[in-house]
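Below, each chain spelled out in residue letters.
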Amino acid sequence: MPVTVVVGAQWGDEGKAKVIDLLSKEHGYVVRYQGGHNAGHTVVVGDERYALQLIPSGILYDHVVPVIGNGVVVDMVTLFNEIDTLERRGISCSRLVVSSHAHLIFPWHQAWDALAEAGRGDAKIGTTLKGIGPAYADKARRVGIRAGEVLDAGSFAQALKERAVAENTTLVAAGGAALDVDAIVTQFAALAARLAPYVGDTVSVLHDALASGQHLLLEGAQATFLDLDHGTYPYVTSSNPTAGGACAGTGLGPRDIGRIVGITKAYTTRVGAGPFPTELLDDLGDKLVDIGREFGTVTGRRRRPGWIDCVMLRQAVRLNSLTELALTKLDVFDTFEHVRVCTGYRVGGAMLRNYPDRMELLADVEPVYADLPGWNQSLGAVREAAQLPAEAQAFLRLVETEVGVPIRIVGVGAERDDYLLWS
Ligand code: GDP
Ligand code: IMO
Ligand code: MG
């Protein structure tokens, strides 16, 4: 199976980067297909922690060609900060290829993001304020500037200036602060010159790699329930993290894809606003946040905690054609007396068969739980499925049965090697 997709099965931060890092051993290319620097992907290698936002998580391996696909929105300031930081730490980014069709993020996108959030008052989405939504909006309005345009410095500078002047006018009219157009033009013309050598025809790069027998790993950012079409709209991001987005965001076709791995935590978290049926608003939730260190990599915000939700995960199987799950952070439950698994939703006394398609309904559902005993021991050193305590095995089996696909990888710690193969 030459192409594998890794996709978040919940609301993000499931531990996708750790699984990508692990699977990178068997793949020659690691490709981001959507999102931008709203992502925060953490890989821990010994004492070293790498927090990646735009660079594919396979970068830590010398044999991997990292690719930023056409579906990504690229903030050049963050990209080069990340490249500089990685290179200072001895990790070469010279192999990186950025799609000429990827759209670029500019300061007015961040300004519009902040203005829109301020205007929503209590109905804030809680975006990362990185300008992601406005950049995708410009792409859809067909006024965006793409990475390929940096290859002609003169016309790029002209387009940049025109856009900056136009955006400045509308921003000020909408009550926003004025942009320093000249400073933006100077800064971004320099960044564009730096981007030029990385820009390429990634569709050809990826198809040629496939034709020569290479294996490709497509790295989802965000997650299924933050998907613009299938998530809890409007509390979503502005791209399609679901597996279909991996085709649109790379130029690979659906028949190229074999394995589709959905990542779930042993529980659930969400950053930002929106419905969350299994949310824990009590001391147990605080305990999950403390032990699981549930604070955002990008914004530092506390993540909202809750129990694992198999209704969501069943929907994630449908939306992504998941062939398997990887379940991370099982070790976070080591000191829990009991653990809960949501197996269904009840509304007005009746069980729901399918995941509700109306967000209002999702806010009203009552989760139905199976209660399981905890294992009261540390899983950190467990490397074989058979060595897992019976209670942990029962938890994994219940999730597999409820969700209907096998769990293959199980995470038992943050470090690169803290995992075991379950089935
Ligand atoms: P991503 O956005 O899906 O890549 O996930 P993040 O990197 O934002 O958040 C996941 C966090 O959990 C990171 O700090 C990881 O180092 C950590 N992590 C990943 N897998 C495990 C695991 O199995 N156990 C524990 N304790 N931490 C993990
Ligand atoms: P990774 O890849 C968790 C959330 C934001 C907000 C909503 C919209 O690390 O899993 P945006 O800035 O994208 O317009 O914000 O989406 N969000 C994430 N939550 N993990 C992420 O990425 C996220 N990227 C965006 O908190 O609720
Ligand atoms: Mg994250």
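Residues numbered from 1 in each chain as written. Chains lettered and ligands numbered in written order. Predicted model: local features only at pLDDT ≥ 70, side-chain atom pairs only at ≥ 80, totals over all residues. Heavy atoms only, no water.

- We quote the UniProt Cofactor (unreviewed entry) comment for the protein here in full: "Mg(2+)".
- According to its UniProt record, the protein has this under Subunit (unreviewed entry): "Homodimer." (UniProt positions renumbered as here; feature names shortened; annotations may be inferred.)

1. Observations regarding the pattern of salt bridges
Line of reasoning, step 1. In this structure the tally under the stated criterion is 21 salt bridges.
Line of reasoning, step 2. We note a salt bridge from Arg-303 to Asp-13, for which the minimum N-O separation is 3.0 Å. Of this pair, Arg-303 sits in the loop between helix 9 (283-292) and strand 13 (304-309) while Asp-13 sits in the loop between strand 1 (3-8) and helix 1 (16-23); the two residues are 290 residues apart in sequence, bridging distant segments of the chain.
Line of reasoning, step 3. Here Arg-303 falls in the buried class, since its relative accessible area comes to 6%.
Line of reasoning, step 4. One salt bridge in this structure joins Arg-89 and Glu-48, with 2.6 Å as the shortest N-O distance. Of this pair, Arg-89 sits in the loop between helix 2 (76-88) and strand 7 (97-99) while Glu-48 sits in strand 4 (residues 48-52), and the two are 41 residues apart along the sequence.
Line of reasoning, step 5. With a relative accessible area of 37%, Glu-48 lands in the partly exposed category.
Line of reasoning, step 6. Overlapping salt bridges, with partners in common, bring together Asp-13, Lys-265, Glu-294, Arg-303 and Lys-329 in one network. (Salt bridge = Lys/Arg side-chain N within 4 Å of Asp/Glu carboxyl O. Helix = DSSP H or I, 4+ residues; strand = E, 2+ residues; numbered from the N terminus. Buried < 20%, exposed > 50% of the residue type's maximum accessible area, 1.4 Å probe, protein only.)

2. Some remarks on the pairing of strand 11 (residues 257-265)
Line of reasoning, step 1. Of all the nine residues making up strand 11, seven are buried; the element is thus mostly covered by neighbouring parts of the structure.
Line of reasoning, step 2. Direction of pairing for strand 1 relative to strand 11: parallel, over a ladder of six bridges. Bridge pairing in strand 11 places Gly-8 opposite Ile-263.
Line of reasoning, step 3. As paired elements, strand 11 and strand 14 (residues 324-328) share five bridges and run parallel to each other. When the bridges of strand 14 are listed, Thr-264 appears paired with Leu-327. (Pairing = 2+ DSSP bridges.)

3. Some details on the site of ligand 2
Line of reasoning, step 1. Close to ligand 2 lie 20 residues, the nearest being Lys-16, His-41, Thr-128, Gln-222 and Thr-237.
Line of reasoning, step 2. One nitrogen or oxygen atom from the main chain of Asp-13 is found 2.8 Å from an oxygen atom belonging to ligand 2.
Line of reasoning, step 3. Within the side chain of Thr-237, one N or O atom sits 2.6 Å away from an oxygen atom of ligand 2.
Line of reasoning, step 4. Here ligand 2, which alone exposes 550 Å², has 98% of that area covered by the protein.
Line of reasoning, step 5. Classifying every residue of the shell around ligand 2 gives seven nonpolar, ten polar and three charged. (Near = heavy atom within 4 Å. Polar contact = N/O pair within 3.5 Å; in protein donor to acceptor, adjacent residues only side chain to side chain. Areas by Shrake-Rupley, 256 points an atom, 1.4 Å probe, with all protein chains shown as cover. Nonpolar A, V, L, I, M, F, W, Y, C, P; charged D, E, K, R; others polar.)

4. Considering helix 3 (residues 107-120)
Line of reasoning, step 1. Taking 1.5 Å per residue, 14 residues should reach 20 Å; helix 3 reaches 20 Å between its end C-alpha atoms and fits that length.
Line of reasoning, step 2. Where helix 3 is concerned, the buried positions are Trp-108, His-109, Asp-113 and Glu-117.
Line of reasoning, step 3. On the buried face of helix 3, the contacting elements are strand 8 (103-105), helix 4 (132-141), helix 5 (153-173) and helix 6 (181-195).
Line of reasoning, step 4. The first or second residue beyond helix 3 is Gly-121, which carries a positive phi of 55°. (Expected span 1.5 Å × (residues − 1). Contact = heavy atoms within 4.5 Å.)

5. Comments concerning the coordination of the magnesium ion (ligand 3)
Line of reasoning, step 1. At this site the magnesium ion (ligand 3) is bound by Asp-13 (OD) and Gly-40 (O), with donor distances of 2.0 to 2.2 Å. Of this pair, Asp-13 sits in the loop between strand 1 and helix 1 while Gly-40 sits in the loop between strand 2 (29-32) and strand 3 (41-45); the two residues are 27 residues apart in sequence, bridging distant segments of the chain.
Line of reasoning, step 2. Residue class for Asp-13 comes out partly exposed when judged on its relative accessible area of 22%.
Line of reasoning, step 3. We classify Gly-40 as buried; its relative accessible area is 13%. (Donors = N, O, S within 2.8 Å, 3.2 Å for Na, K, Ca; no water.)

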